[in-house]
Amino acid sequence: MPKVKTHKGTAKRFKLTGTGKIKRAKAFKSHILEKKSPKRKRNFRHDTLVDPADAKVIKKQLGIG
């Protein structure tokens, strides 16, 4: 059986927490920022967790479980 390779694009975008959940950055923070409020832009800085519905596919791409 060949080794399972990590999908490098996925590996750059997601990190695992200590409990095995998947962290991701928030979207919509890279351009067209003039019309967005400072509060909204500030909240884009914080990481958030991936939805459990998507976690299975991402873990497979990361070579986990």
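Everything numeric here is computed off the predicted structure, so don't read it as measured data. (Residues numbered from 1 in each chain as written. Predicted model: local features only at pLDDT ≥ 70, side-chain atom pairs only at ≥ 80, totals over all residues. Heavy atoms only, no water.)

Here we look at the sheet that holds strand β2 (residues 22-24)
Thinking step 1. Across the sheet, 3 strands lie side by side as β1-β2-β3; this open sheet has antiparallel pairing. The two strands at the open ends of the sheet, each matched to only one other strand, are β1 (14-16) and β3 (48-49). (Pairing = 2+ DSSP bridges. Helix = DSSP H or I, 4+ residues; strand = E, 2+ residues; numbered from the N terminus.)

Side note on the pattern of salt bridges
Thinking step 1. All chains considered together, the criterion is met by 1 salt bridge.
Thinking step 2. Taking the shortest distance from any N to any O, the salt bridge between D47 and K23 comes out at 3.9 Å. One end of the pair, D47, is in the loop between α2 (38-43) and β3; the other, K23, is in strand β2, and 24 residues separate them in sequence.
Thinking step 3. Accessibility expressed as a relative area gives 47% for D47, which makes it partly exposed. (Salt bridge = Lys/Arg side-chain N within 4 Å of Asp/Glu carboxyl O. Buried < 20%, exposed > 50% of the residue type's maximum accessible area, 1.4 Å probe, protein only.)

Structural notes on the nonpolar core
Thinking step 1. One finds F14, I22, V50, A55, I58 and L62 forming the largest nonpolar core, which totals 6 residues.
Thinking step 2. Broken down by element, this core gets its largest block of residues, 3 residues, from helix α3 (residues 52-62).
Thinking step 3. Those residues in contact with I22 that sit more than four places away from it in its chain are F14, K15, L16, T48, L49, V50, A55, I58 and K59. (Core = buried A, V, L, I, M, F, W, Y, C linked by side-chain atoms within 4.5 Å. Contact = heavy atoms within 4.5 Å.)

A few points about the side chain of K36
Thinking step 1. Structurally, K36 can be placed in the loop between β2 and α2.
Thinking step 2. Within polar-contact distance, the side chain of K36 engages the backbone oxygen of F28 at 2.8 Å.
Thinking step 3. Among all residues touching K36, those that are not within four sequence positions of it are F28, H31, K41 and F44. (Polar contact = N/O pair within 3.5 Å; in protein donor to acceptor, adjacent residues only side chain to side chain.)

Brief notes about unusual backbone geometry
Thinking step 1. Phi is positive for F28, close to 70°, though the residue is something other than glycine.
Thinking step 2. You can see F28 is positioned in the loop between β2 and α2.
Thinking step 3. With a phi angle near 55°, I32 is a residue other than glycine that sits in the positive phi range.
Thinking step 4. Structurally, the position occupied by I32 is in the loop between β2 and α2.
Thinking step 5. Among the residues examined, I32 registers a relative accessible area of 51% and is labelled exposed.

Geometry only, nothing functional implied.
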